[in-house]
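# Secondary and tertiary structure notes
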Amino acid sequence: MPSADNKEFNIPRVLLAADRSSSGKTTITAGLLAALKTRGYNVQPFKVALDYIDPSYHSEITGRRARNLDGYLMGEEGVLDVFAHACEVDGKAEIAVIEGVRGLFEGLESIGDMGSTAQIAKMLKCPVILIINARSITRSAAALVNGYKDFDPDVNIVGVILNNIGGMRHAKKAKEAVEHFTKLPVLGIIPRDNAMQISMRHLGLVPAIEERRRVNDLDERLAAIEKRISEGIDIDKFIEIAQQAQPLKKAENTIFKPRKLESERPVIGIALDEAFNFYYHNNLELLELAGAKLEYFSPIHDERLPNMDGLYLGGGYPELYAAELEANESMREDIRKASENGLPIYGECGGLMYLTERITTGVKDEGTYHMAEMPEATHEMVGALPGHSLMGHKRVVSYNIGQLDEDTVIGSKGNSFIGHEFHHSEVTELPDDAEFAIKLSRGTGIRDGWDGLVRNNTLGAYAHLEAASYKEFAASFVDSAIRYRGNKE
């Protein structure tokens, strides 16, 4: 008799894929999520691959915690586990919408589908709707769709959305061509419209939490997107397609189960504001399930560091708020002293930059990525870690693979992980005796194949970790916090 954890389950679901990047996936996904929400559906959003920013809009729109699905990091069991859990944990979802990444078949390899949207579509037996950037093409759109449809018969492409349509004549010709030559229905026609844009930045879109605080019209823009999508896409047909998804089997063993502690739950502080908001919901939830009590605070707006047993400084855009972070001297001093006193501190990417001695923005040099919104300036940071974070000299976008070279707040020596790094900065002016805890076999890191600067009980790294992949993260960090509290007492 099969165990309860291995029983079949089903939820209506659709995966939105595209022929390439910048085809309009994110905007169309946002509009569809909003339209479904308006119709009263409890919608669970997902994003293929490792990305913080698109899911921030998914969560903003649906009120549910968006999750990432990555076949390379998680494997099929992990993807099934995250998918099933996300659809159940915030009240049972009635429909799931999965936004793909880049082109449908783009992934880690040129021959296989590892890390691609197509891989997730097959793992989750998802009906796929293909978004085509049809700007200036009609019959060619049909050729594109047929190429994608025939490339991998195991990917179930069931419909097409034509984006960037120029007018009624363009729409009629493109729709007729696609439906005649591919035998697939065109479910939506989206006209070119500058109002359908969400603010962009050097790492992609501007995160929803920051966009809401920066502008006053986010709700209006999202409403305009919803209106355009509702007018352009057959929502009833979209729902009908979602309901055709086949049952799935739950993962044999879920990682989403509470751990019983023999001691009082430790408090882990989570930096959350405009500067720091790159967190995977899995990381935060798994910290809680491992026994932590999470306390959110702002390094920009809060005067003092709350009382805590561990500190998690996620990624984000500290370079854009460097002046505000520098101005909050009491917060910087509290964190520096806490580090000196052995508080377990983990900083990811933006958190690493904040923990160094200073940040310089707007650097003008050969190969520099320079932005008008980043004036040339140097700002003092926490100084819990050595080094000078220089913004703009390089662009790193990559999976990384690392192994802990010593015991740290996030795991024991010998633990290995697959993560990712995505940054436009580098840490310079490091002393010769700077200590590193992570040896990379893939990726850039901080210096010469090393990542994870260490001082006291503080670790800062460019590597971003997904706790559903690096499963030692949550329990190790919570255990570090418990030991720290025990030493204090």
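Here the structure is a predicted model, which means the values were calculated and not measured.

## Remarks on the side chain of Ser116
- Tracing the backbone shows Ser116 in the loop between β5 (95-99) and α4 (117-123).
- Within the structure, Ser116 has its side chain in polar contact with the backbone oxygen of Asp113 (distance 2.6 Å).

## Examining the pattern of salt bridges
- For the coordinates displayed, the defined rule picks out 22 salt bridges.
- A salt bridge links Lys250 to Glu88, with the nearest nitrogen and oxygen atoms 3.2 Å apart. One end of the pair, Lys250, is in the loop between β11 (248-249) and β12 (267-271); the other, Glu88, is in helix α3 (residues 71-89), and 162 residues separate them in sequence.
- For Glu88, a relative accessible area of 35% corresponds to the partly exposed category.
- Here Lys337 and Glu333 are joined by a salt bridge, their closest N and O atoms 3.7 Å apart. With Lys337 and Glu333 both in helix α12 (residues 329-340) and four residues apart, this pair spans about one turn of that helix.
- By relative accessible area, Lys337 is classed as partly exposed at 42%.
- Here the residues in one salt-bridge network are Glu333, Arg336, Lys337 and Glu340, joined through shared partners.

## Considering the packing of helix α5 (residues 139-151) against helix α6 (residues 168-182)
- Running from amino to carboxyl end, α5 crosses α6 at an angle of 35°, the nearest separation of the two axes being 7 Å. Regarding α5 and α6, the two cross each other, and that crossing is right-handed. The residues of α6 that touch α5, namely those facing Arg139, Ala141, Ala142, Val145, Asn146 and Lys149, are Ala177, Val178, Phe181 and Thr182.
- In terms of residue class, the contact of α5 with α6 is built from six nonpolar, two polar and two charged.

## Topic: the packing of helix α1 (residues 25-38) against helix α9 (residues 235-242)
- Packing of α1 against α9 leaves a shortest axis separation of 11 Å and a crossing angle of 90°. With respect to α9, the axis of α1 lies roughly perpendicular. In contact with Leu32, Ala35 and Leu36 of α1, α9 contributes Ile235, Phe238 and Ile239.
- The class makeup of the residues in the contact of α1 with α9 is six nonpolar, no polar and no charged.

## Focus on the nonpolar core
- Phe83, Leu124, Leu162, Ile268, Leu287, Tyr312 and Phe473 are the most contacted members of the largest nonpolar core, which totals 159 residues.
- No other element matches the ten residues that α3 contributes to this core.
- Aside from chain neighbours lying at most four places away, what touches Ile268 is Leu287, Ala292, Lys293, Leu294, Glu295, Gly310, Tyr312, Phe477, Val478 and Ala481.

## Quick look at the sheet that holds strand β2 (residues 13-18)
- Taken together, the seven strands give an open sheet; going across it, the order is β4-β3-β5-β2-β6-β7-β8, and neighbouring strands pair in parallel fashion. Each edge of the open sheet is held by one strand with a lone partner, namely β4 (67-69) and β8 (186-191). Within this sheet the neighbouring strands show an average axis-to-axis angle of 25°, counted without direction.
- Pairing of strand β6 (residues 128-133) with strand β7 (residues 157-165), which is carried by six bridges, proceeds in the parallel orientation. Across the sheet, the residue bridging to Asn133 is Asn163, located in β7.
- Along the sheet face, α1 touches β2, β3 (43-48), β5, β6, β7 and β8 and points at about 170° away from the line of β5.

## Re the pairing of strand β15 (residues 310-313)
- Covered by surrounding structure in β15 are Gly310 and Tyr312 together with Leu311 and Leu313, the residues of both alternating faces.
- As defined by bridge partners, β12 adjoins β15 across three bridges and the pair is classed as parallel. Residue Ile268 lies in a different strand from β15, and its bridge partner there is Gly310.

## Describing the environment of Gly351
- Within the element layout of this structure, Gly351 appears in helix α13 (residues 350-355).
- Here Gly351 falls in the buried class, since its relative accessible area comes to 0%.
- Ignoring sequence-local partners within four residues, the contact set of Gly351 consists of Phe276, Leu313, Gly314 and Gly315.

## Remarks on the confidence of the model for the protein
- Averaged over every residue, the pLDDT of the protein is 91; residues scoring 70 or more account for 91%.
- Note on residues 1-5: pLDDT is under 50 here. Beyond four places in sequence and across chains, it has three contacts.
- With pLDDT under 50 throughout, residues 199-204 is counted as low confidence; its partners more than four residues away or in other chains account for 30 contacts.

Conventions used here
- Residues numbered from 1 in each chain as written.
- Predicted model: local features only at pLDDT ≥ 70, side-chain atom pairs only at ≥ 80, totals over all residues.
- Heavy atoms only, no water.
- Helix = DSSP H or I, 4+ residues; strand = E, 2+ residues; numbered from the N terminus.
- Polar contact = N/O pair within 3.5 Å; in protein donor to acceptor, adjacent residues only side chain to side chain.
- Salt bridge = Lys/Arg side-chain N within 4 Å of Asp/Glu carboxyl O.
- Buried < 20%, exposed > 50% of the residue type's maximum accessible area, 1.4 Å probe, protein only.
- Axes fitted to C-alpha atoms, helices over the stretch in contact; angles between N-to-C directions.
- Left-handed = near helix turned anticlockwise from the far one by under 90°.
- Contact = heavy atoms within 4.5 Å.
- Nonpolar A, V, L, I, M, F, W, Y, C, P; charged D, E, K, R; others polar.
- Parallel < 35°, antiparallel > 145°, perpendicular 65-115°, else oblique.
- Core = buried A, V, L, I, M, F, W, Y, C linked by side-chain atoms within 4.5 Å.
- Pairing = 2+ DSSP bridges.
- pLDDT = per-residue confidence, 0-100.

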